[in-house]
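Fold and geometry: a report
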Amino acid sequence: MVQHLDLFVSILGVLYLWWEYRAHWMVWVAGIVMPAIDLYLYYEVGLYGDMMISGYYLLAAVYGLVLWTMPGVGKRIKTSGGKEVRAITSMPKDVAMYLTAVFFLIWGVTWWVLKTYTNSTVPVQDALTNAISIVAMWAMAQKYLQQWWLWFVVNIIDVYLLAYKGLPFKAGIHVAYTVFAVLGYFRWKKMMKQANS
């Protein structure tokens, strides 16, 4: 059962990547389904930190869907088809400083919880990916260009963790996520420049 769900979520993850790369709101629909399944998967293999982050991803996907689709929320631009969408922007320095502090706080608390209350064999790494992911998901919902840098780091670490924990399909999709983080950054940067010109 775990292997079948791992494969299904990995296939859905390819669609997720495509929609995120294109800055399309459907990324959030996939972003609701995937963590719902991941809650079960990560519980079964003992990645409790990733299980906790899946609950956050589920809520963040609903938040992101609202931000990206609700008219009048955030900076908006018109597409070539005349549709109004949320604009891609660069993260302000004060926001980056705040998120760095939030990251360290989340990393420390998550590591302590995993070390103290679970049988996790990788609490430091699991907590690290969780802390970066929380910050990255929020930055993605805001449509900040720099969210791609955060996903790049998370995915490199997750490739190792998921392979180590016996989830080869999910590890494979994280290799693809790492590549797409680089490609997505340059695509979003180009889209942002075109919108601002």
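Preceding block: the structure.
Described in the following lines is the structure provided in the data block.

**What about the overall build of the chain?**
In terms of helices and strands, the chain carries 7 helices and 2 strands. Looking at the chain as a whole, 47% of its 197 residues are labelled buried. Sequence-distant contacts in the chain: of pairs separated by 6 or more residues, those separated by 24 or more amount to 67%. Carbon and sulfur atoms make up 72% of the accessible area of the chain, which totals about 10000 Å². With 15 positive and 9 negative side-chain charges, the chain shows a separation of 15 Å between the mean positions of the two kinds.

**Here's the deal with the nonpolar core**
Judged by nonpolar contacts, the single largest core of 55 residues is most densely connected at Trp28 and Met137. Of all the elements in the fold, those that place two or more residues in this core are α1 (2-21), α2 (26-45), α3 (48-69), α4 (93-117), α5 (123-141), α6 (147-164) and α7 (168-196). No other element matches α5, which puts 9 residues into this core. Dropping the residues within four chain positions of it, Trp28 is found in contact with Ala60, Ala61, Gly64, Leu65, Trp68, Met137, Met140 and Ala141.

**With respect to the packing of α5 against α6**
With their axes 9 Å apart at the nearest point, α5 and α6 run at an angle of 150° to one another. With respect to α6, the element α5 is oriented roughly antiparallel. The handedness of the crossing between α5 and α6 comes out as left-handed. When α5 is examined against α6, the residues Gln125, Asp126, Leu128, Thr129, Ile132, Ser133, Val135, Ala136, Met137, Ala139 and Met140 are found in contact with a partner set consisting of Gln147, Leu150, Trp151, Val153, Val154, Ile157, Asp158 and Leu161.

Conventions and cut-offs
Counting restarts for each chain, with residues numbered from 1 along the sequence as it is written. A pLDDT threshold of at least 70 governs which residues receive local features in this predicted model, and a stricter bar of 80 or more applies before side-chain atom pairs are shown or counted, although totals over entire chains, interfaces and linings include all residues. Heavy atoms from the whole structure form the basis of all side-chain values; hydrogens and water molecules are not counted. Secondary structure elements are taken from DSSP: a helix is a run of H or I of four residues or more, a strand is a run of E of two residues or more, and numbering for both begins at the N terminus. Only protein chains enter the accessibility calculation, which uses a 1.4 Å probe. A residue is then buried if its area is under 20% of the maximum for its type, exposed if over 50%, and partly exposed in between. When checking whether two residues touch, look at their non-hydrogen atoms; a contact exists if any pair is within 4.5 Å. Reported accessibility uses the Shrake-Rupley method at a 1.4 Å probe radius. Residues are deemed covered only where the shown protein chains occlude them. Charge counting follows a simple rule: Lys and Arg are positive, Asp and Glu are negative, and His as well as the terminal groups are ignored. To locate a charge, take NZ of a lysine, CZ of an arginine, CG of an aspartate or CD of a glutamate. Working definition of a nonpolar core: buried Ala, Val, Leu, Ile, Met, Phe, Trp, Tyr and Cys residues. They are joined through side-chain atoms within 4.5 Å. Lines fitted to C-alpha atoms define the axes, with helix axes restricted to the stretch in contact, and inter-axis angles between N-to-C directions lie between 0 and 180 degrees. For this classification, under 35 degrees means roughly parallel, over 145 means roughly antiparallel, 65 to 115 means roughly perpendicular, and everything else is oblique. Here a crossing is called left-handed whenever its near helix is offset anticlockwise from the far helix by less than a right angle, and right-handed whenever the offset is clockwise.

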